[in-house]
Amino acid sequence: MPPEKHALLSASSAARWLNCTAAPRFEAELPETTSRYAEEGRLAHAIAELKVLKKFTVMTNRTYNTRLNKLKKDPLYDSEMDKTTDLYVEHLTEQAMLYDSAPTVAAEVQVDFSEYVPEGFGTCDCVMIGGDTLSITDYKHGKGVPVSATGNPQMRLYALGALRRYAPIFGDTIQKVRMSIDQPRLDSYTSETITVEELRAWGESIKPIAQKAYSGLGEFVPGEHCRFCRGRAQCRANADGQTALEDFKDCVPASSVPADSLVPQEYAHIGAHGNIVHPLLSDDEIGDLLIRGQHLVKWYKDLEEYATSRLLDGKPIKGWKLVAGRSIRTFTDQDAAIEAVIAAGYDEALVYDRKPKTLSELEKLMGKAEFAEKIGQYVVKPLGKPTLALITDKREAYNPAAADFAGVAE
Ligand code: SF4
């Protein structure tokens, strides 16, 4: 796997710099970090690339197996990667079948979208071209949150780069662009198809924003996009945006509570504006506060994580120190300890618990298809615990009546 190069305005961070034009230069000043998840993602991508090449180009079994076995020797390799990359290739095969004749397919294609974004370049996991359609697919190995391809700036920038790359060969025959995001670990596969004209118009619309972000004269605008920003713990704008506790004082606008309100005198409470307010928050106010404070817990955890890493590096954080967390006793040699228990006269049946593997472990062991075929009929999915979500959330609203009958056979 070659070392990854990053553009200042990368496609993968486009959702961030399109909203906060100060972010790219700000992040560039901070040390680069990587995580086990990122490294696992790189390995899974390398396996996916190899499988795409085997499926859609000419590659001998011997070359394929040698390269695959080498990748499998990586300490981060997990058999789940084999299954998720198989699903990815299966999905690409379905995409290829949408074309009237076999499309041209390429994997890990370097694309240049600097016509729209200064120094913009990136890598498309898979490009297919046939008839009037260029199709690009991005494989995401993470299983954090599903990412939709609809209106996705990362995919649109890749698509602009792919169009530029293949224009000398295919010219104006390409009229449509299909952009897909595959997240097999989340069972999430989304696509968006737009015309080349629409794509280019979008590219033109973001040009001034990209210029601003590149120039170093951008503005800090905190929001949902801070989630993956390298500077989210140290960013002052992000901290200033976390005003839920301050807002608490003002949750009832002065004008909304009449001076002669119906609040009984004995319960009257003087609000932040010197007005009389009811001591109990109304349900509407609670809904409003939940919206204002929704990023607070995540941000506090970011601060904790940052302070912990600084303290571990020997740097002081005023008012804080690290202590050893709670720990549990463990055997230095479990096999020897168990042998000693049995030697002491205890029956093996009392010493060992025989436990079946969990549903997920069995699915991982068997693979999705065999799991569904052999034991799918024993699987039910009860309605999940009611979870608070914004009204704009795409999931269906929880229905307590339906929950009462969930799992009851007709
Ligand atoms: S944390 Fe948010 S506001 Fe601060 S630079 Fe990053 S994206 Fe911008």
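Bear in mind that the values here come from a model prediction, so they are computed numbers and not experimental data.

Asker: Hey, could you run me through the packing of aromatic side chains in this one?
Answerer: Any aromatic ring pair is given by two values, namely how distant the centres are and how the planes are angled relative to each other. For the structure on display, the rule yields three aromatic pairs. Seen from their ring centres, phenylalanine 26 and phenylalanine 220 are 5.4 Å apart, and the 85° between their planes marks the pair as edge-to-face. With a gap of 194 residues between them, phenylalanine 26 in helix α2 (residues 23-28) and phenylalanine 220 in the loop between α7 (196-215) and α8 (236-241) connect regions that are remote in the sequence. Assessed through its relative accessible area of 22%, phenylalanine 26 is described here as partly exposed. Taking the relative accessible area as the measure of exposure, phenylalanine 220 reaches 42% and is therefore partly exposed. Consider the rings of tyrosine 88 and tyrosine 139, whose centres lie 5.0 Å apart with planes at 55°: the pair is tilted. Taken as a pair, tyrosine 88 in helix α5 (residues 79-97) and tyrosine 139 in strand β3 (residues 133-139) lie far apart in primary sequence, 51 residues in all. For the pair tyrosine 88 and tyrosine 139, one class covers both residues: buried. Sitting over the ring of tyrosine 214, arginine 25 keeps its end group 4.9 Å from the ring centre. Here the guanidinium or amino end of lysine 54 rests over the ring plane of tyrosine 64, the centre of that ring lying 5.9 Å away.

Asker: Looking at this structure, I do not really get the pairing of β3. What am I missing?
Answerer: Residues in a regular strand project their side chains so that they alternate between the two faces of the sheet. Summarising burial for β3: seven of the seven residues are buried, a large majority. Here strand β2 (residues 121-130) pairs with β3 via five bridges, running antiparallel. Bridging across to β3, glycine 130 finds its partner in threonine 133. Linking β2 back to β3 in an antiparallel pair, the connection comprises two residues, with glycine 131 at a positive phi of about 55°. Both β3 and strand β4 (residues 176-183) contribute to a ladder of seven bridges, which runs parallel. Looking at β4, one finds that threonine 133 is bridged to lysine 176. Between β3 and its parallel partner β4, the chain crosses via helix α6 (residues 153-170), and the hand of that crossover is right-handed.

Asker: Mind showing me how you'd approach the site of the ligand here?
Answerer: Near the ligand lie 13 residues; those nearest to it are Cys20, Phe26, Cys226, Cys229 and Cys235. Of the residues that constitute the shell around the ligand, the class distribution is nine nonpolar, two polar and two charged. Viewed by domain, the shell around the ligand spans two of them, domain 1 (14-221) and domain 2 (225-310), each represented by three or more residues.

Asker: Which parts of the structure should I look at to understand the sheet that holds β4?
Answerer: Strand pairing within a sheet occurs via backbone hydrogen bonds; the two strands may be parallel or antiparallel. Overall, mixed pairing links the five strands, which are arranged β1-β2-β3-β4-β5 in an open sheet. In this open sheet, the two strands that pair with only one neighbour each are β1 (104-112) and β5 (188-195). This sheet shows a mean twist of 25° between the axes of neighbouring strands, independent of strand direction. The strands that helix α3 (residues 36-56) touches are β1, β2 and β3; relative to β1, the one it contacts most, it runs at about 135°. On the sheet, α6 packs against β1, β2, β3, β4 and β5 and is oriented at approximately 135° with respect to β3.

So, how was this worked out
Residues numbered from 1 in each chain as written. Predicted model: local features only at pLDDT ≥ 70, side-chain atom pairs only at ≥ 80, totals over all residues. Heavy atoms only, no water. Phe/Tyr/Trp six-rings, centres within 6.5 Å; stacked < 30°, edge-to-face > 60°. Helix = DSSP H or I, 4+ residues; strand = E, 2+ residues; numbered from the N terminus. Buried < 20%, exposed > 50% of the residue type's maximum accessible area, 1.4 Å probe, protein only. Lys NZ or Arg CZ within 6 Å of the ring centre and 35° of its normal. Pairing = 2+ DSSP bridges. Right-handed = clockwise from strand over helix to strand, strands pointing away. Near = heavy atom within 4 Å. Nonpolar A, V, L, I, M, F, W, Y, C, P; charged D, E, K, R; others polar. Domains from an automatic or database assignment. Axes fitted to C-alpha atoms, helices over the stretch in contact; angles between N-to-C directions. Contact = heavy atoms within 4.5 Å.

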